[in-house]
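Survey of secondary and tertiary structure
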Amino acid sequence: MNTFLNYLVVAALFALVLAPVALGVARERRIDRQLREAASRHLAPGVRPSARARRRRRAGAQCPLLS
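Here the structure is a predicted model, which means the values were calculated and not measured. Note that residues are indexed from 1 along each chain, following the sequence as it is written. Predicted model: local features are reported for residues with pLDDT of at least 70 only, side-chain atom pairs are reported and counted for 80 or more only, and whole-chain, interface and lining totals are derived from all residues. Side-chain metrics in this entry use all non-hydrogen atoms of the structure; hydrogen atoms and water are not considered.

If you tally the helices and strands in the protein, you get two helices and zero strands. Across the 67 residues of the protein, 0% fall into the buried class. Going along the chain from the N terminus, every DSSP run of H or I of four or more residues is numbered as a helix, and every run of E of two or more is numbered as a strand. Categorising residues by exposure relies on relative accessible area from a 1.4 Å probe, with only protein chains included: less than 20% of the type maximum marks a residue as buried, more than 50% marks it as exposed, and the intermediate range marks it as partly exposed.

Turning our eyes to something else, we now look at helix α1 (residues 2-41). An α-helical turn contains 3.6 residues, so a residue and the one three or four places further along point in the same direction. In this model α1 runs 58 Å from its N-terminal to its C-terminal C-alpha over 40 residues, within 8% of the 58 Å that 1.5 Å per residue would give. The reported bend at a residue is simply the angle between two axes, fitted to the 7 residues ending at it and to the 7 residues beginning with it. Approximately 35° is the largest bend angle found in α1, and it occurs at L18, with the proline P20 only one to four residues beyond. Each residue after the first adds 1.5 Å to the expected span of a helix.

Looking now at a positive patch on the surface. Think of a patch as exposed residues, more than 30% relative accessible area, with no salt bridge, where like charges cluster within 9 Å and nonpolar side chains (Val, Leu, Ile, Met, Phe, Trp, Tyr) cluster within 5 Å. Note that accessible areas follow from Shrake-Rupley with a 1.4 Å probe, and for residues the cover is restricted to the protein chains shown. The salt bridge definition used is simple: a Lys or Arg side-chain nitrogen within 4 Å of an Asp or Glu carboxyl oxygen. Charged residues are defined narrowly, with Lys and Arg counted positive, Asp and Glu counted negative, and His plus the chain ends left uncounted. Taken as the charge location is NZ of Lys, CZ of Arg, CG of Asp or CD of Glu. A contiguous patch of positive charge, built from R27, R29, R30, R33 and R36, is present on the exposed surface. Checked against the element boundaries, R33 lands in helix α1. Accessibility expressed as a relative area gives 43% for R33, which makes it partly exposed.

Written out as structure tokens, the structure is:
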């Protein structure tokens, strides 16, 4: 029983430390999605984005940890 409580405490501390990180990543992804939607709304109807813009959008985040 003592071992289980030790593992439970370690898991709770781990979750407590990682919660702000997870929330920050989720917030950044939401902001990125909103920016992409806003950029696509600025295009005139029937105009396709350039090949460079499509590649940039497909590439995702610059940091490999965030992609």
